[in-house]
Structures are given as structure tokens and as C-alpha cells.
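Understanding the architecture of this molecule
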Amino acid sequence: MTTAAAIELDFDEGIDRKTLRQLCDRFLAVNEARLERTRTALGPRQRVVPDLLPLVFHLNHPALPGYLDGHCPQGIAHYEPSRAVLHAARREARSFRMRSSGRRAADIEGLFFMGSPGSLGHSVASDLDVWLCHRPDLSGTDVRRLERKAEAVSVWAARLGVELNIFVFTAEAFRRGRQEAAVTGENCGSAQHFLLLDEFYRTGVYLAGCYPLWWLIPSEFEARYKALARQLYEYRFIRADRFIDFGPVPRIPAAEFLGAGVWQLYKGIDSPWKSILKLLLIECYARDRQGGLLSLQFKSLIFMGVTDPDRLDPYVLLYERLASWLDTIAAPRRLDLVRRALYLKSGVPLSRLESVGAHWQGRLLQSLVAHWGWDEADVRDLDNRQAWQASDVQALRRRVVSELTHSYRFLSRLARHHSVHAAIRPEDMQRLGRKLYAAFQRKAGKVERINPNLAPSLAEENLSFHHRSAQPGTGLGWTLYRDLDQPSDVTWQAPIRRTANLVELMVWSHYNGLLTRGTRLNLQAGRSGVTLAALRGISETLFSRLPVPSGPASGEALMERPRLLTVLLFVNVAEDPQSHLRSQGLHKLSSRHDSLDFSATHDNLVMALDQVTLNSWHELSVHRYEAGDVLVQCLKNLLAARVIAPAHEPELTVDCQTPGHGSAIESRLRQLFADVQKHFFAGGRGPHPLRYIIEMGQRFFLLHFNNDQPAFATLESPAALLDYLEKPQSRFIPVVPDRYALDDNPALRKVLLAAQPDNIQVFFRQTDTRVDVWVVDELGSLSHWQQPPSSRNQAMSPLLRFLANLSERRQLRRALTEEAADLSIACRELVYARGEWRTEDRSRLWDEQPLDGFEVMAMGVQEGDEPLQFDLFCEEQEFSVLEYGDQLIPAVAHYIRSRRSSGARYPVYLTDLHLPHDLDPYAYRHDLQTCQYLHYRNRIQAALNSAL
């Protein structure tokens with residue numbers, strides 16, 4: 001161990017400038033050793049980055065990396081490039097020549113590495129974090145120029161294989177705690193201040209500029225830091241322009257533990273080893289407030305004369321502190337995890353080093369491993385992570401998640417018991433919390449990621465998928481094995497995973513890297529009916545259409561609700577909709593090609609669906625629909641997810657391995673899902689109010705939204721569909737038939753597509769045997785009935801006269817109340833010509849000749865909770881329900897027959913109808929809907945005509 005005499009500074013008796021210089025030299029000696037260790041961790045070509053970094057910011061030279069224009073701030077205080085640095089610059093750019101910048105004031109006060117560079121924790125995969133501190137009086141424009149140059153320098157370093165993160169700020173701003181950077185992949189944003197300063201002071205590597213003033217204040221006087229610093233300046237023991245002041249590291253406020261802890265949890269999701277060490281340090285600091293900070297321990301050791309870089313290594317100091325604390329609280333399993341985390345963070349494979357002593361990290365790590373009592377097998381197991389299997393990774397992941405969960409609960413208790421508000425902006429806290437939710441929250445169907453950078457790869461050469469019916473007495477479901485030579489081997493080999501369905505098992509294998517394009521597949525299908533070809537087809541779809549996220553979701557995505565990015569639908573996996581025919585060697589042929597309403601028997605060929613979704617938070621989920629109306633359930637869930645982001649349609653893939661029908665089913669479902677989304681979310685907005693009709697297997701399904709929540713109604717027959725469409729509406733909601741719906745009733749399809757709001761539309765179709773009538777009212781409710789054949793005038797004039805009477809009453813009332821104008825009435829005839837249905841205007845039919853016969857009208861009467869009854873009027877004759885009771889209809893029919901001189905039987909039509917405004921017992925309405933009048937008109941007419 002390198003030691004020197006202890007240095008004691010007596011601020012009361014006086015300070016020796018020579019001693020201060022000696023103290024600075026001691027810090028610089030440790031700093032030089034760390035800087036050299038930083039260089040040796042890089043490749044020969046990469047070492048130019050730390051060598052040239054001070055020079056490229058000291059000189060704004062066109063030949064040097066990062067140059068943008070001639071106006072960028074430049075000059076590092078007191079920096080003089082060495083001859084070696086100038087040679088390196090000329091090797092990088094042959095045109096470079098050193099030139100004087102004159103006596104202009106330096107714009108940059110200091111340049112530092114911080115974090116793991118030069119420490120045991122620095123590996124080939126580590127990045128380099130740089131603090132660049134500029135003068136506080138730089139203009140905003142100059143600061144932005146400096147930031148753009150820092151970005152350009154980072155790009156140059158990246159081309160050399162070095163990840164360089166340069167943070168541009170002022171020491172004054174940091175001292176006042178005014179950092180405003182948002183949380184990003186490499187920036188803790190607003191989450192911490194004093195903890196970050198503690199890390200900087202114990203890990204920082206000085207590159208150029210002013211020395212940290214903190215070096216000169218003894219640890220025991222940290223509480224008097226400001227007064228002693230002022231004394232050093234005022235008595236001119238030091239030159240103010242030679243030192244930069246980031247402030248003291250006082251007792252860390254509890255609020256920072258919560259903010260910094262959540263931040264480390266955020267990082268730990270993807271890179272657990274470093275975060276576990278830091279989370280434990282946060283807990284140690286919070287629980288053991290008397291133990292002091294590592295930065296103060298580091299400074300005390302240097303004051304005591306310790307300059308050995310191994311002894312002062314930040315990760316060694318961190319481990320010693322955690323080991324002492326965990327021993328005190330008797331937590332051996334957590335201490336073992338700390339040791340594993342430190343070993344894996346270092347990235348040094350001791351078992352594969354030719355000479356451990358030839359490398360300083362290997363030598364230092366070997367001494368620690370020996371102290372821990374690890375044997376060669378322990379080291380070899382950690383070094384051979386590429387050979388780890390899923391079970392090994394899952395076991396370690398459980399320990400990692402357990403530790404992260406423990407940290408989360410500790411932080412939650414800290415906030416709850418001490419009423420702590422996190423030192424982190426609400427938006428940062430929200431972003432971090434959402435990432436934690438996306439990574440760790442368990443919910444139905446969510447696929448768990450078992451390898452968050454714990455092992456390099458989990459790829460398997462052979463995977464065997466076994467349906468449990470292939471193993472007598474084991475029930476249903478699927479089991480995954482590796483390297484099974486014979487099916488009987490399952491009796492002694494432990495399975496990798498069990499799931500209820502095959503797609504979930506394959507998605508889990510793909511998502512976690514076990515299943516690759518090079519994996520050989522084996523299948524024991526049992527009674528499932530799955531073929532090896534189908535298995536390979538599913539795996540190929542996963543490879544080509546389901547990208548495995550290479551990293552965490554972006555901060556922007558986490559600040560929004562999760563939206564669907566990718567949807568995969570696997571149809572009829574382990575199901576054959578025509579197996580009953582295939583087993584008999586038969587194949588159904590038909591001119592009906594709709595896969596949802598196939599052949600003359602109207603078969604729905606979609607029996608089961610496995611829906612795989614990847615959302616913008618990088619959550620992967622699998623849901624199987626195999627009972628009930630599977631397709632409509634799946635559609636409903638997709639629409640519910642689409643509501644979150646109506647402007648973004650997810651990428652949809654449909655995969656169906658059903659023999660003979662696979663391609664047709666895939667095409668039909670792609671069309672259906674696209675059409676449904678196109679209508680509900682037209683223009684990138686929605687959900688729009690409409691009712692979408694899908695016909696499947698002789699049934700009808702109406703998809704619609706209630707308060708942005710998708711729902712569907714199931715209707716068992718065409719008659720049930722018409723009854724549903726007749727119901728009153730609170731507003732006009734169009735009805736949109738699917739492209740294959742109502743193929744057997746094209747006239748109804750034409751009527752629905754022609755419906756428009758705020759008018760009354762009458763459609764009719766004449767045949768030799770009947771007249772079909774449809775009325776679409778002002779709110780889109782559809783009334784339909786059939787009546788005996790007759791001329792156009794005789795068929796439609798009574799109805800049009802009836803609707804005109806309703807319209808006149810509405811117009812009179814609205815004129816008195818100054819409401820909107822009355823509804824128009826349109827009449828159109830459905831005609832089939834030249835292979836298509838079209839409509840022709842017949843709106844003037846009821847004016848062409850007067851209506852024969854006399855008028856019959858009805859007046860609704862409702863007494864309390866009694867059912868609605870009617871008084872009838874024939875010309876001037878009144879037939880009261882109070883007088884006639886149950887004989888009302890026969891009495892009216894007898895009167896009508898008596899008025900017919902010929903005695904002929906022909907239909908009678910109501911010309912007018914009055915309904916009470918409180919027809920609905922819970923509401924009073926001035927204007928009832930037209931469909932309600934038509935409902936009672938048709939009921940009364942049917943009763944009268946039956947009695948005639």
C-alpha cells in the first residue's frame with residue numbers, strides 16, 4: 001500500500017500554502033493513476049478520446065473533432081497541452097497546428113470524468129461520463145453552441161467505439177441545485193443532487209481546468225465547509241481562479257434517497273448489477289446515518305497519506321462499506337448478491353485470464369475473490385454465463401427482482417413513515433414509475449422477460465414442445481423441454497416451462513431468446529392435432545413479425561398511455577373447424593366463401609384465436625380466445641386498446657395454419673380488423689358513434705361504443721336483428737354492415753347504408769306476393785314490415801299521410817317554441833336492375849291522388865302503471881277503451897265492415913296516432929321518436945286487419 005505522512009490543516013492556527021500544494025499533489029497522484037487505468041481499459045485506437053478531450057474543448061480548431069463553427073466558446077482554465085497530446089492531435093488530423101488563442105478569458109472552468117472510469121467497475125462495455133463546467137456568465141446562445149459541440153464530440157467518440165456522455169453546466173448552478181435536465185438513459189435528471197456529488201467526489205477523474213475546492217477541506221470540517229472555503233479565499237491561501245467549487249457534501253436529505261432510489265430502480269430493470277450496488281448503498285446511507293459518506297472516507301484516507309489506487313478504488317470502498325453493514329444486520333444472501341454484482345460489473349473473467357497478475361483489475365479482483373472464499377467452480381460458473389440455461393437465469397432473476405422489490409418497498413416505507421417528498425420532478429417520477437410497472441407488474445397474459453442482461457444468450461439448439469396428452473395421466477396444456485432424444489426422456493428431464501397453450505409457450509421462448517432461427521424443433525402433439533409444419537410456421541411468423549425490443553421504452557413513450565404497436569393473431573392453433581368432415585375423407589364445397597359464414601350450413605371457421613400484442617411500453621402479452629364468440633371478444637379488446645391512440649393503427653399480422661382454408665381465413669380477418677378500425681377511427685379520431693354489423697354462423701353481432709368502452713350485442717336471427725334496430729335511440733347512430741354481412745338481404749343492406757340523420761326516409765320494395773317497407777327515422781331507428789301487394793299509391797300513400805300528420809303536429813309545436821324546422825320526409829323505391837340494387841325517388845306518391853275511404857286514428861291512454869291502451873276514432877265515431885274494454889277491436893272492425901258497401905276485404909290503415917308524452921315512466925318528452933309511433937301503428941293495424 002502506498003502511504004505518506006498524514007496531513008492536518010489547522011484553520012484556527014494558520015495554514016501553510018506548501019501543505020496545501022502537497023495535498024493537491026496527493027489528490028493529483030491518485031487522479032493520474034486512475035486516468036492511466038482509464039486509458040488501459042480502452043483499445044489502442046480508443047485512447048485518443050481521453051487524450052484529446054481537453055484539447056478539443058480548449059481549442060475551437062477546424063481540424064479537431066467536434067468543430068462546428070468559429071463562434072463556439074473555448075479555452076480551459078490553466079490548461080497547457082503536453083507534447084504527447086499535440087502529437088496525438090496531429091495523428092488524428094494531419095493539418096492540425098497549435099495556435100495561440102491570445103489572452104482571452106477561458107470559457108471552461110473544468111473537465112472531469114466521473115463514475116466508473118479508472119475503477120474496478122469499469123469494463124469494455126462501460127461508457128464515459130464527462131462533466132464540462134463553463135463560466136456562469138456565458139450567454140444562452142454560447143451555452144447552446146457548447147452543447148452542440150459536446151454532441152458532435154460524442155458522435156466522434158462513438159465512431160471509435162466509445163460511448164461518451166458529456167454533461168454541460170456550471171458549478172454555480174450545481175451548487176444551487178438548479179439542474180433541470182430531464183431523466184434520460186444516462187441522466188438522473190432531477191432525481192438526486194447530494195448523492196450525485198458524493199459519487200463525483202469519490203469517483204471523479206480530473207482532466208483539465210480548475211481543481212475541486214472540496215479537496216482542501218478536511219472531512220471532519222465538512223459542516224464548516226462554506227466558512228473555511230471563504231477563509232482560504234479571503235486570506236489568499238489559494239487563488240480563486242485555480243479552484244472550482246461544487247459545494248460540500250452535507251448530511252443527505254431523506255428526500256434524495258427516494259428520488260435517487262427510484263432512479264436506480266429504473267436503471268436496474270435493464271442493467272441490474274450496478275444499480276443493485278447503488279440501491280444497497282442508498283439503503284445503507286439511509287439506515288446507517290452514523291457511518292458517513294464514501295466521499296468523506298475517500299478524502300480522509302488521502303489526508304491520512306493513503307494514495308494506493310487499489311485501496312482507494314471507488315468500488316472497493318463501496319464493497320467494504322456494504323459488506324460491513326450487511327454483516328451487521330446479518331444478511332448473508334444479500335451480501336452474496338453484492339459480491340456477484342461486483343464481480344459481473346467488473347467484466348473480468350478470472351478463469352479465462354492467462355495471467356491474473358498481469359492486469360491490475362484481475363489482480364485486484366482475485367484478491368477480493370480469495371477473501372470471499374470462492375473456489376474455481378464459483379468463478380467458472382459466473383464466467384461461463386453464455387452457457388447458462390433458462391432455469392439458471394430464472395433463479396438469478398428471482399434474486400435480482402427480490403432485491404429490487406425489497407428496495408422499492410424500503411423506499412415506499414421511507415416516504416410513508418417520514419412523510420418524505422421525493423427530490424424528483426413529478427413528471428420524472430411518473431416516467432420512472434411507469435417503467436417499473438411495465439417491467440415488473442404481473443398481469444394476466446403478460447409475458448415475463450427473464451433475462452434483463454443477466455446472461456449473454458439463452459439460445460437453445462433443440463427445443464421440444466410436448467402436449468401433455470402425449471404423457472398418460474398428465475392432463476392438458478403444453479410443456480417445453482430441451483435436447484430430448486426420445487419422448488420417454490421426459491420422465492427424468494426437468495421441463496423449462498409449462499403453459500396452458502402452445503402460442504404462449506412459443507412467444508415466451510422467442511421473447512426470451514431460447515427460440516431462434518437456428519433452433520431445431522421437436523413436437524409431441526398428443527391429441528392436440530398440431531403438426532410440426534404448423535409449429536414451424538408459427539415460429540417463422542414470430543421471427544419475421546414480432547421484433548423483440550432491444551432496449552427499454554423511450555421516455556416519450558412512457559409519458560403517454562401504452563398504445564399497441566404490433567398485433568399477431570394465430571387462428572385455430574390446435575383446432576380444425578372441419579375435422580368432422582376430414583375424418584370421413586370429405587371436403588365441403590360451396591359458393592359461399594366467407595370464412596365467418598361458410599357454405600350453405602353457415603359455418604364459422606374461426607374456432608380459436610391467440611392474440612399476441614406488443615405495446616409502446618414494450619409489454620408483450622398473449623391472450624387465447626377459445627370459448628364463446630371468440631372473434632368478437634378479440635375485436636372488442638383490440639378496439640379498447642385502440643381508443644388510447646386513435647391516430648395510430650397497430651401493425652396487424654394474421655397467421656392461420658388450418659388445412660385448405662388458411663389463406664382465406666387470414667385474408668378475411670385482415671379485412672375485418674382493418675374495416676372495423678377504419679370505420680370507428682376514421683381520420684385518426686374516434687371512436688365514432690356507429691353500430692357495426694358482423695354476420696357469423698347465422699348470427700349477427702353489433703359492435704358499438706358506450707362512453708368510449710367497446711361492447712357488442714348478439715342477435716340470434718334476422719328477426720332479432722330487425723327488432724334491435726327498431727329500438728329508440730338517444731341520438732343518430734349510423735348502422736354499418738360489414739362487407740360480407742346481409743348478403744342474403746341486400747335490400748336491407750342498401751337501406752342501412754342510405755340512412756341519414758335529421759329526416760325520415762321511407763324505402764319500399766314491391767314483389768308479386770308482398771310489399772316490404774322500411775322506415776329510417778330521424779335518429780336512425782329502423783322499422784320494417786310487410787303488407788299485401790298493391791299499387792305504389794295504395795301501398796305507400798297511407799303511410800306517407802300518417803307521417804305527414806306527425807310532421808304537421810311537430811311543426812306546429814316547434815313554431816310555437818321557436819325550435820328548429822320540421823323533419824323532411826323522403827320516399828324511395830328499391831329496384832334491382834343490371835345486377836345491383838338502386839333506389840328511385842317516389843316522394844310525391846301520396847300527393848298523386850286522394851286517399852280512398854275514411855280516416856282512422858288512435859289516441860293513447862295510460863292510467864298509472866297500467867299498460868298503454870288506445871281509444872279509436874273512425875271518422876267522427878269514438879270507440880273508447882273504457883266503454884268497450886276487450887271488445888274494442890272487434891267493435892271497430894264491425895263498424896268498418898258496416899261502412900263498406902261492397903263487403904270486400906281489404907286492409908285498413910291508421911291515418912294518425914297520438915301517444916302520451918310520458919310514455920317513458922322515467923322521462924317526459926315533447927317529441928317521441930317516429931319509430932315509436934310506427935311500432936304502435938303497426939300493432940293496431942295488424943289487430944284491426946285480423947278482425948276484419
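Read on for an overview of the structure. (Residues numbered from 1 in each chain as written. Predicted model: local features only at pLDDT ≥ 70, side-chain atom pairs only at ≥ 80, totals over all residues. Heavy atoms only, no water.)

**Notes on the packing of helix H6 (residues 194-203) against helix H10 (residues 294-303)**
With their axes 8 Å apart at the nearest point, H6 and H10 run at an angle of 25° to one another. Taken together, the axes of H6 and H10 lie roughly parallel to each other. As for how H6 packs across H10, the hand of that crossing is left-handed. Residue-level inspection shows Asp198, Tyr201 and Arg202 of H6 in contact with H10, the latter providing Leu294, Ser295 and Phe298. The residue inventory of the contact of H6 with H10, partitioned by class, reads three nonpolar, one polar and two charged. (Axes fitted to C-alpha atoms, helices over the stretch in contact; angles between N-to-C directions. Helix = DSSP H or I, 4+ residues; strand = E, 2+ residues; numbered from the N terminus. Parallel < 35°, antiparallel > 145°, perpendicular 65-115°, else oblique. Left-handed = near helix turned anticlockwise from the far one by under 90°. Contact = heavy atoms within 4.5 Å. Nonpolar A, V, L, I, M, F, W, Y, C, P; charged D, E, K, R; others polar.)

**Observations regarding the packing of aromatic side chains**
For any pair of aromatic rings, the description rests on two quantities: the centre-to-centre distance and the angle between the ring planes. A complete count under the given rule lists 29 aromatic pairs for this structure. On the numbers, 5.1 Å between centres and 65° between planes, the contact of phenylalanine 680 with phenylalanine 705 is edge-to-face. Within this pair, whereas phenylalanine 680 is found in helix H22 (residues 662-680), its partner phenylalanine 705 is found in strand E16 (residues 699-706), the two being separated by 25 residues in sequence. For phenylalanine 680, a relative accessible area of 0% corresponds to the buried category. Of note, arginine 224 hangs over the ring of phenylalanine 221, and the distance from its end group to the ring centre comes to 5.3 Å. Here arginine 937 stacks its cationic end above the ring of phenylalanine 802, 5.0 Å away from the centre of that ring. (Phe/Tyr/Trp six-rings, centres within 6.5 Å; stacked < 30°, edge-to-face > 60°. Buried < 20%, exposed > 50% of the residue type's maximum accessible area, 1.4 Å probe, protein only. Lys NZ or Arg CZ within 6 Å of the ring centre and 35° of its normal.)

**Some remarks on the pairing of strand E12 (residues 609-615)**
Each regular strand carries side chains that alternate between the two faces of the sheet. Burial within E12 is extensive, with seven of its seven residues counted as buried. Of the two faces of E12, the one holding Leu609, Gln611, Thr613 and Asn615 and the one holding Asp610, Val612 and Leu614 are both buried throughout. In this sheet, E12 lies alongside strand E11 (residues 564-571) in antiparallel orientation, the contact comprising seven bridges. When the sheet's bridge partners are listed, phenylalanine 570 is paired in E12 with aspartate 610. The pairing of E12 with strand E13 (residues 620-625) spans six bridges and is classified as antiparallel. (Pairing = 2+ DSSP bridges.)

**Remarks on the environment of isoleucine 693**
Relative to the helices and strands, isoleucine 693 resides in strand E15 (residues 691-696). Take isoleucine 693: its relative accessible area is 0%, and that puts it in the buried class. Between the C-alpha atom of isoleucine 693 and that of phenylalanine 712, which follows or precedes it by 19 residues, the distance is 9.6 Å. Discounting chain neighbours no more than four positions away, the residues touching isoleucine 693 are Phe700, Phe701, Leu702, Leu721, Val735, Val736, Pro737, Asp738, Ala741 and Leu752.

**Examining the layout of surface pockets**
There is about 1,000 Å³ of room inside the second largest pocket. In terms of lining, the second largest pocket is formed by 44 residues, of which the most central are Leu436, Ala438, Ala439, Phe440 and Gln441. When contributions to the lining of the second largest pocket are tallied by element, the ones reaching two or more residues are helix H8 (254-268), helix H15 (390-417), helix H16 (426-440) and helix H17 (502-511). Residues belonging to the lining of the second largest pocket are distributed by class as follows: 24 nonpolar, seven polar and 13 charged. (1 Å grid on protein atoms, 1.4 Å probe; cavity = no way out; pocket = protein on both sides within 12 Å on 5 of 7 lines; lining within 4 Å. Points joined across faces, edges and corners; volume = space filled by probe spheres on them.)

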